[in-house]
Amino acid sequence: AQQIETAKRMSKLARLYGSMKPEEAVPILSKLDDETVLSILGLMEEEQVSKLLPLFEAQRAANLTQMMLRGNINH
């Protein structure tokens, strides 16, 4: 039951950040840990993620990309 609630909250956050302008969302997402960011990005459409990722600091974007490649994202 707790996993379902967590999934619902994460889905809501993904919709929230997905509806924001990328230049508004990324400064907030940048302050979150990688696991949280990957969970949120994993629930977004690829088109949304492609607009957000370039706005992260380059090394952070590279790290997140490597984590995605390793399968640490729900896409």
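Residues numbered from 1 in each chain as written. Predicted model: local features only at pLDDT ≥ 70, side-chain atom pairs only at ≥ 80, totals over all residues. Heavy atoms only, no water.

A. Broad picture of the pattern of salt bridges. For the structure shown, the criterion picks out three salt bridges. The partner of Lys8 in a salt bridge is Glu5, with the nearest N and O atoms 3.8 Å apart. Here Glu5 and Lys8 lie together in helix 1 (residues 2-19), a separation of three residues that amounts to about one turn. The class for Lys8 is exposed, based on a relative accessible area of 52%. The residue Lys51 makes a salt bridge to Glu47 at a minimum N-O spacing of 3.5 Å. One end of the pair, Lys51, and the other, Glu47, are both in helix 4 (residues 46-52), four residues apart, so they sit about a helical turn from each other. You can call Lys51 partly exposed: its relative accessible area is 46%. Exposure remark for Glu47: the relative accessible area of 55% places this residue in the exposed category. (Salt bridge = Lys/Arg side-chain N within 4 Å of Asp/Glu carboxyl O. Helix = DSSP H or I, 4+ residues; strand = E, 2+ residues; numbered from the N terminus. Buried < 20%, exposed > 50% of the residue type's maximum accessible area, 1.4 Å probe, protein only.)

B. Representation of the side chain of Arg60 within the structure. By the element assignment, Arg60 lies in helix 5 (residues 58-69). Judged by relative accessible area, Arg60 falls into the buried class, the value being 14%. For Arg60, the side chain forms a polar contact with the main-chain oxygen of Ser30, separated by 2.8 Å. A distance of 2.7 Å separates the side chain of Arg60 from the side chain of Asp34, its partner in a polar contact. In contact with Arg60, not counting residues within four places along its chain, are Leu29, Ser30, Leu32, Asp33, Asp34 and Val37. (Polar contact = N/O pair within 3.5 Å; in protein donor to acceptor, adjacent residues only side chain to side chain. Contact = heavy atoms within 4.5 Å.)

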